[in-house]
Protein chains: 2
Amino acid sequence: MPYTYSQYLKYINKVADIKFASALLQWDQETYLPPKGNYFRAQQLATLDETAHSLFTNKKFGSLLNSLLSSSSLTTHQKKNIEISLYDYQKAKKLTPAFVRKMSEVINHSFHAWIKARKENDFSPFEKPLQEIINLKRIEADSLGYSSHPYDALINNYDKGVTTEKINNLFDTLQPKLKSLINEIAEHPQVDNSFLKRFYSKEKQWQLGIELLKRIHFDFDAGRQDISEHPFTTSFNTQDVRLTTRIDENDLENMVWSCLHEGGHGLYEQGLPSEEYGLPQGEYCSISIHESQSRLWENCVGRSLSFWQANYPLIQNYFPETFSNISSLDFFKAINKVQPSLIRTEADELTYHLHIMIRFELEKDLIMGTLKAKDIPARWNELYKKHLRINVPNDNLGCLQDVHWSHGSFGYFATYSLGSLYAAQFFNVIEKSSDNFNLADTHPVLTWLQSNIYAHGRSLTSEEICKKATGESLNINYFLEYAHKKFQMVYN
Amino acid sequence: MPYTYSQYLKYINKVADIKFASALLQWDQETYLPPKGNYFRAQQLATLDETAHSLFTNKKFGSLLNSLLSSSSLTTHQKKNIEISLYDYQKAKKLTPAFVRKMSEVINHSFHAWIKARKENDFSPFEKPLQEIINLKRIEADSLGYSSHPYDALINNYDKGVTTEKINNLFDTLQPKLKSLINEIAEHPQVDNSFLKRFYSKEKQWQLGIELLKRIHFDFDAGRQDISEHPFTTSFNTQDVRLTTRIDENDLENMVWSCLHEGGHGLYEQGLPSEEYGLPQGEYCSISIHESQSRLWENCVGRSLSFWQANYPLIQNYFPETFSNISSLDFFKAINKVQPSLIRTEADELTYHLHIMIRFELEKDLIMGTLKAKDIPARWNELYKKHLRINVPNDNLGCLQDVHWSHGSFGYFATYSLGSLYAAQFFNVIEKSSDNFNLADTHPVLTWLQSNIYAHGRSLTSEEICKKATGESLNINYFLEYAHKKFQMVYN
C-alpha cells in the first residue's frame with residue numbers, strides 16, 4: 001500500500017497536538033502556576049517534549065515523507081509541506097529524544113534559577129545552570145552541524161540560512177551610522193518624557209492595553225491577554241493566540257509598547273493560514289520575520305505621529321489628570337526620546353540595536369567557549385560602557401534583564417535587529433501604497449501584512465518573503481531613512 | 001535482565017505526565033479558552049488521551065507489571081502499587097486507543113452542544129450528541145464487563161465494587177426515612193433565608209471565597225481558584241490543585257458553599273502522599289470518598305453552627321449592610337432551610353438525595369437502553385413531580401442543569417449520596433474524638449482526615465477505608481442521626 005497525503009496529515013497533526021499541549025503548559029507556568037507546582041510541571045513538560053520528538057523522529061514517518069516526496073500524485077502546495085517536514089525531520093533526527101528531554105529539564109531548572117537570581121539581584125545563583133545550558137547548546141550545535149561557526153547552527157534555529165558572518169557584516173555597517181545619528185541627536189535639546197513615569201493605576205493600564213489591542217484588530221474571540229513576569233506571545237492554533245503583558249504602575253510606556261509589540265506577534269499568529277494546522281505552511285516564516293511584525297506594530301505604527309493623533313484621546317480619557325495638558329505632538333516626542341539606557345525592552349529605536357549587538361558579541365563567545373558564564377557580568381558591564389557609555393549598577397539592570405538565556409534561546413537576539421530592519425523595509429512599501437497614508441485606521445496595514453507576509457506561512461525564507469514583498473533583499477537604508485525622518489520630527 | 005521497580009516508576013510517571021497535561025488542557029478549556037479555540041482544543045485533548053492510553057496499555061508495560069508482581073524483591077508497599085496498576089492495566093486493555101480517542105472527541109462535541117442547549121434553554125441541540133455518548137457508554141459497559149447490570153460496569157469506574165443492586169437497596173431504605181423527615185419539617189414554621197438573595201458584588205464575593213478557603217487551610221502556594229461556568233476541582237499533582245467557582249451577584253449561597261465543596265475536594269488532593277506522584281497510592285480512593293470530602297466540608301463543617309459562630313464576622317465585615325442586623329443563629333438557620341427545589345447543587349442536605357435518586361433512575365434506564373435521550377425531558381419532569389412534588393418550568397432548571405452527562409460521567413451521581421453518607425459517618429467519629437468539639441478551629445478535622453483518609457491513597461477501597469476509620473461499614477443511620485440533630489436545632 002503506498003503512503004497517502006492524508007496519512008501525513010493525520011500524523012503531523014498528532015505531533016502538533018502534543019507540541020501545542022506543551023506550549024499550553026509553558027504558558028500556564030508563566031501565568032497561573034502556583035509556586036509549589038514547578039517541580040512536577042518541569043517533568044510534565046519534559047515528557048511532552050520527549051514524546052513529541054520521539055513521534056516526529058519515528059523512522060516510519062521518515063519513510064512516509066520520503067515516499068510521498070517521490071509521489072506524482074501531490075499538488076505543488078502539498079509537496080512544499082512534505083519538503084519542509086522532511087527538512088525538519090532530518091534536522092530533528094540529529095538530536096535524540098533523551099537529549100531533548102535533558103534540554104527541557106535543564107531549561108526548566110535554569111529558568112527558576114534565573115527567577116531566583118532576579119529576586120536576589122545577583123547573577124551567582126544563575127551561573128551554574130546557565131553554564132549547563134551553554135554546554136548543552138554547544139553539543140546541540142555540533143549535532144546539528146555547521147560550516148564555519150558553531151553559532152551558525154543555533155542562529156539557524158530561528159532564521160534558516162542566516163549566519164554569524166552575515167550578521168557580523170550587517171552590524172559592522174549599521175553600528176557607525178547608528179552611533180553617528182545618536183551623537184547628532186545628543187547635540188540637540190532633549191525632549192521631556194518625565195510625565196510618562198507618573199502613577200498610572202494597574203486597573204486602568206490593563207483596560208487601556210486591551211483597548212489598544214482592539215484598535216490594532218487583535219481578535220479577542222481567538223485569543224486573550226494575561227499578566228506574566230515577562231511579556232510573551234504563544235499560540236496553540238490560529239484561533240487561540242495568547243499574549244501576556246506586565247504593568248509597572250510608575251511607568252506607562254512599559255505596558256503600552258509591550259502590548260503593541262506582543263500584539264504584533266499575535267496578529268501574525270492569528271493571520272496564519274488556519275486550514276494548515278500543524279503543517280509547515282501554517283507556521284510562521286522565521287523568528288526574524290516574527291520580530292519584524294512585533295517591531296512594526298510597536299514602532300512603525302505604535303510610535304508614529306498619525307497613530308497617536310487618532311488614538312491619543314483614548315489615553316487622555318483614561319488619564320486626564322496627566323494628559324489633558326499635553327499635546328499629542330509632545331506625547332509623540334516623549335515616546336520617541338533617544339537616550340542610552342540600561343534595559344533593552346525599554347530602549348529607543350536607535351540605541352536598541354546596540355543592546356542587541358552586545359548580546360550578539362557575548363553569545364558568539366559563549367558558544368565558541370571563549371567566554372564562560374561566570375565571566376558574563378564583568379564582560380556585560382564592559383560592553384555597556386563601551387557601546388552605550390553607561391555604567392551598569394547591578395545585575396538586574398544588567399545581565400539578568402532578559403529571560404532568553406534561561407530558556408536556552410541562544411541565537412535569538414539578532415532576530416530583533418533583523419526584525420526591526422525588515423519592519424522598516426515593509427513599512428516603506430505599505431506607506432507608499434496609498435496617497436494619503438495615515439495610521440488613524442490601521443486596517444490597510446493589517447491587510448497588506450496578511451497578503452504579503454502571513455499568507456505565506458513557512459513556504460518562503462525571510463529573504464524570499466522580503467524580496468517578494470518589497471522587490472529587494474534586506475536593505476538597512478530603509479531603516480536609516482525611516483529613523484532620519486522620524487528623529488528630524490522629534491528633534492527638529 | 002529482570003524488570004526493576006524503578007523502571008515501573010519511570011514508565012508510570014510518563015503516563016501520569018501526559019494524563020495531567022490533558023487535565024490542564026481541560027482546566028484551561030473551562031476557565032480561559034477563547035471561544036474560537038474549541039475546535040483544535042478538542043483534537044489536542046483527543047490526542048493526549050489516546051497517547052496516554054496507548055502508552056499505558058503497551059504490552060511491554062503489561063509484562064513489566066506481571067514480572068514485578070512475582071518478584072520477591074519488592075516491599076509490601078511497592079507490591080500494592082504494582083497490583084493496582086495491573087488491575088488498571090487489565091481494565092484499560094479492554095478499551096482500544098481508537099475507542100478512547102472517539103470517546104474524547106464525542107465528549108468534547110457533546111460538552112459544547114450542552115453549552116449551546118443551556119444558552120437556548122432547550123434540550124433539543126443536546127439530544128443527539130447525548131444519545132451518541134450513551135451509545136458509546138453502553139459499548140464501554142459491554143467491553144468492561146459486568147455480572148448483572150451493564151450500569152454496574154460504569155459505577156465501578158467511580159467506586160470499585162459498588163453495584164446497581166447495592167445502591168438500589170441503599171436508596172430503598174433511605175428514601176422513606178428522608179421523605180418522612182422532610183414531611184415532618186414541612187409542618188413547622190419555615191425559616192427565612194430571603195436575605196441570602198440580596199445583591200452581593202462579584203469582587204467582594206470573590207474575596208470572601210478566598211478567605212473562607214484559607215480558613216479551612218487550603219494551601220494557595222500549592223493551588224489556586226478561578227472562575228468557570230461550572231465549579232470543579234482538578235489536580236496536576238499534590239502541589240498544584242485547582243478549584244473553580246461561579247458567582248451569582250443575587251445569591252450569596254451559590255458561591256460560599258461551592259467554595260467549601262470544591263475546597264473539600266482540594267484539601268483531599270493536596271493531602272494525598274506527594275511522594276507517590278503518578279502511583280496508585282498517590283491517587284484518591286474513589287469518587288465516593290472524594291465526594292465524602294467535599295460534602296463533609298460543605299455541610300458537616302460549612303453548615304454547622306460552631307463554624308459560623310467563629311467565622312460569621314468575616315461575612316459581616318464584607319457585607320455589613322445585610323448581616324449587621326442578623327444573628328449568627330438566624331444565619332445558621334437560613335443556610336439550612338429545607339425545601340424541595342429544582343437545582344441539585346442548591347438543594348438542602350435532605351432533598352439533595354432525592355435529586356440523586358432521580359438521576360440514578362434515569363441513568364439505569366439510559367444504560368439499559370429502555371430510555372432514549374429524546375425522552376429525558378418528559379421523564380425528568382415526571383420524576384421531579386413524583387419525588388419532590390414540584391413542576392419543572394424549563395430545561396435549564398430541569399434536565400440541562402448538570403454538566404455530567406455531557407462529560408460522559410454516567411454512574412457518577414450516586415457517589416454524591418454515598419459521599420454524603422460517608423461524610424456523616426466520618427464526622428461522627430471526628431466529633432467524638434474530642435471533648436469540647438468545636439469548629440471554630442477546623443485544624444483537628446483536617447488532621448483526622450489526613451491520617452484516616454488522605455494517607456491511604458488508593459490502597460484501600462471505599463468500604464475498607466470506612467471500616468478502618470470508623471470501625472464499621474457504611475451505615476446510613478449516622479447520616480439520619482446527624483440530620484435529626486441538625487434540623488431539630490433549625491426547626492426546633
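Here we summarise the structure given alongside this text. Owing to the predicted nature of the structure, the values given are computational and were not obtained by experimental measurement. (Residues numbered from 1 in each chain as written. Chains lettered and ligands numbered in written order. Predicted model: local features only at pLDDT ≥ 70, side-chain atom pairs only at ≥ 80, totals over all residues. Heavy atoms only, no water.)

Topic: the sheet that holds strand β3 (residues 240–245) of chain A
Step number 1: Spatial strand order, β1-β3-β2 (chain A): 3 strands in an open sheet with mixed pairing. Strand pairing shows two members of the sheet lacking a second neighbour, β1 (223–227) and β2 (233–237) of chain A, which therefore form its edges. The sheet shows a mean angle of 20° between the axes of neighbouring strands, taken without regard to direction.
Step number 2: Bridge analysis of β2(A) against β3(A) gives 4 bridges, and the strand direction is antiparallel. When the sheet's bridge partners are listed, A:S235 is paired in β3(A) with A:V241.
Step number 3: Sheet strands in contact with helix α9 (residues 202–215) of chain A are β1 and β3 of chain A, and its direction is about 155° off that of β1(A).
Step number 4: Together, β2 and β3 of chain A form the strand contacts of helix α2 (residues 38–56) of chain B, whose direction differs from that of β2(A) by roughly 75°. (Pairing = 2+ DSSP bridges. Helix = DSSP H or I, 4+ residues; strand = E, 2+ residues; numbered from the N terminus. Axes fitted to C-alpha atoms, helices over the stretch in contact; angles between N-to-C directions. Contact = heavy atoms within 4.5 Å.)

Things to note about unusual backbone geometry
Residue and element names in this part refer to chain B.
Step number 1: Notably, N121 is not glycine yet its phi reads approximately 50°, a positive angle.
Step number 2: Structurally, N121 is set in the loop between α5 (97–120) and α6 (124–144).
Step number 3: Of note, R389 is a non-glycine position whose phi angle comes to about 55°, a positive value.
Step number 4: Note on placement: R389 falls in the loop between α16 (376–388) and α17 (414–432).

Observations regarding the packing of aromatic side chains
Residue and element names in this part refer to chain A.
Step number 1: Here the structure, examined in full by the defined rule, presents 81 aromatic pairs over all chains.
Step number 2: Seen in terms of ring centroids, W257 and F331 are 6.4 Å apart; in terms of plane orientation they differ by 35°. Their pairing is tilted. Here W257, found in helix α10 (residues 252–271), pairs with F331, found in helix α14 (residues 328–334); they are 74 residues apart in sequence, far enough to count as distant. Both residues of the pair, W257 and F331, count as buried.
Step number 3: On the basis of an interplanar angle of 85° and a centroid distance of 5.1 Å, the ring pair of F307 and W308 is categorised as edge-to-face. You'll find F307 and W308 in the same group, each marked buried.
Step number 4: Three or more aromatic residues link up through ring pairs in this structure, and these residues are F195, Y200, W257, F307, W308, Y312, Y318, F319, F323 and F331.
Step number 5: Above the face of the Y416 ring, R344 is positioned so that its terminal group lies 4.6 Å from the ring centre. (Phe/Tyr/Trp six-rings, centres within 6.5 Å; stacked < 30°, edge-to-face > 60°. Buried < 20%, exposed > 50% of the residue type's maximum accessible area, 1.4 Å probe, protein only. Lys NZ or Arg CZ within 6 Å of the ring centre and 35° of its normal.)

Some thoughts on the interface of chain B and chain A
Step number 1: Each partner contributes to the interface: chain B provides 38 residues, whereas chain A provides 38 residues.
Step number 2: Taking both sides of the interface into account, the surface hidden between chain B and chain A amounts to around 3200 Å²; carbon and sulfur atoms contribute 58%.
Step number 3: Per-residue buried area on chain B facing chain A is highest for B:Y32, B:K36 and B:F40; these three make up 19% of the total on that side.
Step number 4: A:D240 is paired through a salt bridge with B:R41; the nearest N and O atoms lie 3.6 Å apart.
Step number 5: Taken together, the links from chain B to chain A amount to 22 residue pairs in polar contact (both at pLDDT 80 or more).
Step number 6: Looking at the side of chain B that touches chain A, the element that brings in the most residues is helix α1 (residues 5–31) of chain B, giving 10 residues.
Step number 7: Considered class by class, the residues forming the side of chain B that touches chain A number 16 nonpolar, 10 polar and 12 charged. (Buried area = accessible area lost by both parts, 1.4 Å probe. Salt bridge = Lys/Arg side-chain N within 4 Å of Asp/Glu carboxyl O. Polar contact = N/O pair within 3.5 Å; in protein donor to acceptor, adjacent residues only side chain to side chain. Nonpolar A, V, L, I, M, F, W, Y, C, P; charged D, E, K, R; others polar.)

So, helix α8 (residues 164–186) of chain B
Residues and elements named next belong to chain B.
Step number 1: Compared with the 33 Å implied by 1.5 Å per residue over 23 residues, the 31 Å span of α8 between its first and last C-alpha is a close match.
Step number 2: Considering bend angle alone, the principal kink of α8 is centred on L174 and spans about 25°; proline P176 follows within four residues of it.
Step number 3: Within α8 the residues assigned to the buried category are T164, I167, L170, F171, L174, L178, L181, I182 and I185. (Expected span 1.5 Å × (residues − 1). Bend = angle between axes of the 7 residues up to and from the residue.)

Observations regarding the pairing of β1(A)
Residues and elements named next belong to chain A.
Step number 1: The buried fraction of β1 amounts to 4 of the 5 residues, a majority that puts the element mostly inside the structure.
Step number 2: As paired strands, β1 and β3 are joined by 5 bridges and run parallel to one another. When the bridges of β3 are listed, D226 appears paired with T244.

Points about the packing of α1(B) against helix α4 (residues 76–92) of chain B
All names here are of chain B.
Step number 1: Relative orientation of the contacting elements α1 and α4 amounts to 50°, with a least axis distance of 12 Å. Classified by the interaxial angle, the pair formed by α1 and α4 is oblique. Along this stretch, α1 crosses α4, giving a crossing that reads as left-handed. Between α1, through Y5, Y8 and I12, and α4, the contact on the second element is made entirely by Q78, N81, I82 and S85. (Parallel < 35°, antiparallel > 145°, perpendicular 65-115°, else oblique. Left-handed = near helix turned anticlockwise from the far one by under 90°.)

Topic: the nonpolar core
Step number 1: Ranked by size, the top nonpolar core spans 134 residues in total, and within it B:L208, B:L296, B:W297, B:F323, B:F331, B:L350 and B:F426 carry the most contacts.
Step number 2: Among the elements that line this core, the one with the most residues is α17(B), at 10 residues.
Step number 3: Each of domain 1 (5–147) and domain 2 (164–491) of chain B accounts for three or more of the residues forming this core.
Step number 4: Not counting the four nearest positions on each side in its chain, B:F323 is found in contact with B:F195, B:L196, B:Y200, B:L252, B:Y312, B:I315, B:Q316 and B:F331.
Step number 5: Among the nonpolar cores identified, the runner-up in size contains 133 residues, and A:A141, A:L208, A:I216 and A:I476 belong to it. (Core = buried A, V, L, I, M, F, W, Y, C linked by side-chain atoms within 4.5 Å. Domains from an automatic or database assignment.)

A few points about the pattern of salt bridges
Step number 1: All chains considered together, the criterion is met by 51 salt bridges over all chains.
Step number 2: Between B:K486 and B:E349 there is a salt bridge, and its shortest N-O distance comes to 2.6 Å. Placement of the pair is B:K486 in helix α20 (residues 476–491) and B:E349 in the loop between α14 (328–334) and α15 (351–368), with a sequence separation of 137 residues.
Step number 3: A salt bridge links B:D375 to B:K374, with the nearest nitrogen and oxygen atoms 3.3 Å apart.
Step number 4: Residues participating in the shared-partner salt-bridge network are A:K197, A:D251, A:E253, A:R295, A:E298 and A:R303.

Some thoughts on the relation of the copies chain B and chain A
Step number 1: Its rotation angle being 180°, the transformation that places chain B on chain A also includes 0.0 Å of axial translation and leaves an RMSD of 0.0 Å. Such values leave the two copies arranged in the relation of a two-fold axis. Every residue of chain B has its C-alpha some distance from the rotation axis, and the shortest such distance is that of B:A21, at 3.5 Å.
Step number 2: Here 100% of the interface residues in chain B have copies in chain A that are interface residues too; the copies meet face to matching face. (Least-squares fit on C-alpha atoms with pLDDT ≥ 70 in both.)

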